[in-house]
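# Descriptive analysis of the structure
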Amino acid sequence: PVKVDLNMRVDVYQHADTTVQKRVAATQPTVTEDAQTRLRNRMGEVQVLKNNRLVGESRKGLLEIRNQPPGEFGEYVQRTVEAENKDRLAMMEEIVQKQHLRLEEVERQQSELARNKAFNGEWIEERQPDGTFAWKQKGM
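Quick summary incoming for the structure in this document. (Residues numbered from 1 in each chain as written. Predicted model: local features only at pLDDT ≥ 70, side-chain atom pairs only at ≥ 80, totals over all residues. Heavy atoms only, no water.)

### Description of the nonpolar core
- Ranked by size, the top nonpolar core spans seven residues in total: Val46, Leu49, Leu54, Val55, Leu63, Val77 and Val81.
- Looking at this core, the elements with two or more residues in it are helix H2 (31-51) and helix H3 (71-99).
- For Leu54, the contacting residues outside a window of four places in its chain are Leu49, Glu64, Ile65, Arg66, Asn67, Pro69, Phe73 and Val77. (Core = buried A, V, L, I, M, F, W, Y, C linked by side-chain atoms within 4.5 Å. Buried < 20%, exposed > 50% of the residue type's maximum accessible area, 1.4 Å probe, protein only. Helix = DSSP H or I, 4+ residues; strand = E, 2+ residues; numbered from the N terminus. Contact = heavy atoms within 4.5 Å.)

This is how it looks when you write it as structure tokens:
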């Protein structure tokens, strides 16, 4: 048999680090990271509203209420759409600042992405040949 006798000593020292504050600040979520998290957490709720044909994707890359139900559920739909649009706008504003684009261009890009991601039957706002916009259900 082999006998192992092991002794170990661990000394832990804490040195003052002037970059600690910088590292802590760097790990704090930014406004847009918070918005991204909220958008992800709200994704299921928004999809249910889209599936029920209550909301649609507008030409500005935002949600718009198409058929607001009455009562408490209607208020829930309103609050959800307002929160979603607030976070989408925060994300768009960051893109505007980082890529030095106009807000209208970012809205157009986000709208196009949303239309492409939409499932058949969901409400989307599309440009017509005459340049106006009209609501239609995708794939119909």
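### With respect to the sheet that holds strand E2 (residues 63-65)
- Read from one edge to the other, the open sheet built from four strands follows the order E2-E1-E3-E4, with strand pairing classed as mixed. One side of each edge strand has no neighbouring strand; the edge strands of this open sheet are E2 and strand E4 (133-137). When strand polarity is set aside, the average angle formed by the axes of neighbouring strands in this sheet is 35°.
- Both strand E3 (residues 123-127) and E4 contribute to a ladder of five bridges, which runs antiparallel. What sits directly across from Glu125, in E4, is Trp135.
- Contacts between H3 and the sheet are confined to strand E1 (55-57) and E2, with E2 contributing the most and set at about 160° to the helix. (Pairing = 2+ DSSP bridges. Axes fitted to C-alpha atoms, helices over the stretch in contact; angles between N-to-C directions.)

Limitation: the analysis is restricted to geometry and does not speak to function.
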